[in-house]
Amino acid sequence: MQAIAISAFGGPECLMLVDLPVPTCGPNQVVVNVQAAGVGMWDVKVRQGRVVLEGQQFPLVLGWESAGIIQEVGEEVAGWDVGTPVICATYQVGIGHYASAVAVPADLVAPAPSLLDALHAAALPVNGLTAYQAIFDRLQIQPGETLLITGAAGGTGMFAVQLAAQRGARVMVTARSEHHSYLQQLGASELIDYTQTDFAEAVHAACPEGIDAVLDCVGGETAAKSMQVVRERGRLVTIVDPEQVRPIRHIDTHLLYFRPDGRQLAELTKLVDHGQLTVHLDQVFPLAMARQAHERLETRHHQGKIVLNIQE
């Protein structure tokens, strides 16, 4: 099978198209014929060596999420059939989704949304789970609360805006002005162009006593400045940069790495199929152009999700 792997840590130029054996199916696994794979900052961090999983070896196939068709079912697996369209997210050594096929634990797969093609379905797992776990598990957003989402036009932000708005929150976002119309359609009520306005000043002007919660999708100076707008006993989650969010007051802060969860992934599928969650693609690249996909991602100017078309 074809796959994208690295033999050393480094820049996008390290991504190589290689031929590897099709993975064998373990007793509690399913083998998925991958149609599309999502591309995220998690992949970049692995490629750079900033995230190292215990036991990983070169060549290392990248990719933590995909959409495809089950082609083999393990002998101890119940409830899944060959030919079923599924989506999956994993965080495990030896499971890379930038490939024609991947063997994954059966409890981490979920039915693919019936309303989406494989390219859009592959955009859901990691960013959808990250947003779901941030909004409901960590921040525990309640109706009527005010939430700021920084970097809201990216893969996680687009889902978080929708989930928080449907929860009944007042959703403030930072994004470039060209993304504002899109984010407003998703449910954002107040939009701040961080290139033109100091977002902390804008939030303070709207909410002098501070806001209830922040979901930081940017990191760095943005993460640090976000601390300034949270009220006493408020909450902040960053998915990027824990070094910048050490508590300066009585604020509940967390670094969130997504947790693979087939049950929550199935809930996201239901939301999509009920018309309550939309998926937006920024750009699609063929597998052989994974380098260009990473370069596009690292500009941080994308709107929505970048996906690899494995079948092309």
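Scroll up to find the structure this text is about.
Residues numbered from 1 in each chain as written. Predicted model: local features only at pLDDT ≥ 70, side-chain atom pairs only at ≥ 80, totals over all residues. Heavy atoms only, no water.

Draft legend 1. Structural context of the overall build of the chain. Helix and strand counts for the chain come out as 9 helices and 16 strands. Taken over the C-alpha trace, the chain has a radius of gyration of 19 Å; the compact-globule value for 312 residues is 20 Å, and the two agree within 12%. Principal-axis analysis of the C-alpha atoms places the extent of the chain at approximately 60 × 40 × 35 Å. Here the chain, with 312 residues, has 55% of them falling under the buried criterion. Considering only intrachain contacts with a sequence separation of at least 6, the fraction spanning at least 24 residues in the chain is 66%. Within the chain, one finds 20 positive and 33 negative side-chain charges whose respective centroids are separated by 7 Å. (Helix = DSSP H or I, 4+ residues; strand = E, 2+ residues; numbered from the N terminus. Rg over C-alpha atoms; globule rule 2.2 N^0.38 Å. Buried < 20%, exposed > 50% of the residue type's maximum accessible area, 1.4 Å probe, protein only. Contact = heavy atoms within 4.5 Å. Lys, Arg positive; Asp, Glu negative; His and termini not counted. Charge placed at Lys NZ, Arg CZ, Asp CG, Glu CD.)

Draft legend 2. Quick peek at the side chain of asparagine 127. Along the chain, asparagine 127 turns up in helix 3 (residues 125-138). A polar contact is formed between the side chain of asparagine 127 and the side chain of threonine 156, at a distance of 2.7 Å. (Polar contact = N/O pair within 3.5 Å; in protein donor to acceptor, adjacent residues only side chain to side chain.)

Draft legend 3. Summary view of the sheet that holds strand 2 (residues 16-19). Ordered by their spatial adjacency, 3 strands build an open sheet running 2-1-4, and the pairing between neighbours is antiparallel. At either margin of the open sheet sits one strand with a lone partner, and together these are strand 2 and strand 4 (60-61). Of the pairings in the sheet, the one linking strand 1 (residues 2-6) to strand 4 comprises 2 bridges and is antiparallel in character. Along strand 4, the bridge assignment pairs isoleucine 6 with leucine 60. (Pairing = 2+ DSSP bridges.)

Draft legend 4. Highlighting the sheet that holds strand 13 (residues 230-238). If you walk across this open sheet you meet the 6 strands as 11-10-9-12-13-14, and the pairing is parallel. One side of each edge strand has no neighbouring strand; the edge strands of this open sheet are strand 11 (190-192) and strand 14 (252-255). In this sheet, neighbouring strand axes are inclined to one another by 15° on average, regardless of whether the strands run parallel or antiparallel. Sheet topology note: the strand 12 (residues 211-216)/strand 13 ladder contains 5 bridges and is parallel. Looking at strand 13, one finds that leucine 215 is bridged to valine 237. (Axes fitted to C-alpha atoms, helices over the stretch in contact; angles between N-to-C directions.)

Draft legend 5. Just the layout of surface pockets, in detail. Of the pockets and cavities examined, the largest pocket occupies roughly 670 Å³. Taken together, 38 residues form the lining of the largest pocket, with Gly151, Gly154, Cys217, Val218 and Arg300 sitting closest to its centre. Those elements that provide at least two residues to the lining of the largest pocket are helix 1 (41-48), helix 4 (155-167), helix 7 (220-226) and strand 16 (305-309). When the residues that make up the lining of the largest pocket are grouped by side-chain class, the tally is 15 nonpolar, 16 polar and 7 charged. In this structure, the second largest pocket occupies an estimated 450 Å³ of space. Val61, Val93, Gly94, Ile95 and Gly96 are the residues nearest the centre of the second largest pocket, which is lined by 27 residues in total. Going through the elements one at a time, strand 4 and strand 7 (101-105) are the ones with two or more residues in the lining of the second largest pocket. Tallying contributions element by element places strand 7 first for the lining of the second largest pocket, with 3 residues. Class assignment for the residues of the lining of the second largest pocket results in 18 nonpolar, 9 polar and no charged. (1 Å grid on protein atoms, 1.4 Å probe; cavity = no way out; pocket = protein on both sides within 12 Å on 5 of 7 lines; lining within 4 Å. Points joined across faces, edges and corners; volume = space filled by probe spheres on them. Nonpolar A, V, L, I, M, F, W, Y, C, P; charged D, E, K, R; others polar.)

Draft legend 6. Region of interest: the packing of helix 3 against helix 4. Relative orientation of the contacting elements helix 3 and helix 4 amounts to 40°, with a least axis distance of 8 Å. In this view, helix 3 runs oblique relative to helix 4, as classed from their interaxial angle. For the pair helix 3 and helix 4, the sense of crossing is right-handed. Contacts between helix 3 and helix 4 involve Asn127, Gly128, Thr130, Ala131, Tyr132, Ile135 and Phe136 from the first element and Gly155, Thr156, Phe159, Ala160, Leu163, Ala164 and Arg167 from the second. When grouped by side-chain class, the residues that make up the contact of helix 3 with helix 4 number 8 nonpolar, 5 polar and 1 charged. (Parallel < 35°, antiparallel > 145°, perpendicular 65-115°, else oblique. Left-handed = near helix turned anticlockwise from the far one by under 90°.)

Draft legend 7. Representation of the environment of glutamate 75 within the structure. The residue glutamate 75 is located in the loop between strand 5 (65-73) and strand 6 (85-89) in this model. Sequence separation between glutamate 75 and tyrosine 91 is 16 residues; the distance between their C-alpha atoms is 23 Å.

Draft legend 8. Just empty space enclosed by the protein, in detail. Throughout the structure, instances matching the rule amount to 1 cavity of 30 Å³ or more. Of the pockets and cavities examined, the largest cavity occupies roughly 50 Å³. Every residue along the wall of the largest cavity is listed here: Trp42, Lys45, Val51, Trp64, Tyr91, Tyr257 and Phe258. Among the residues making up the lining of the largest cavity, the classes are represented as 6 nonpolar, no polar and 1 charged.

Draft legend 9. Main features of unusual backbone geometry. In this structure, the amide linkage connecting phenylalanine 58 to the following residue, proline 59, adopts the cis form with an omega of -5°. Here proline 59 lies in the loop between helix 1 and strand 4. Of note in this structure, glutamine 140 is not a glycine but carries a positive phi near 50°. Here glutamine 140 lies in the loop between helix 3 and strand 9 (146-150).

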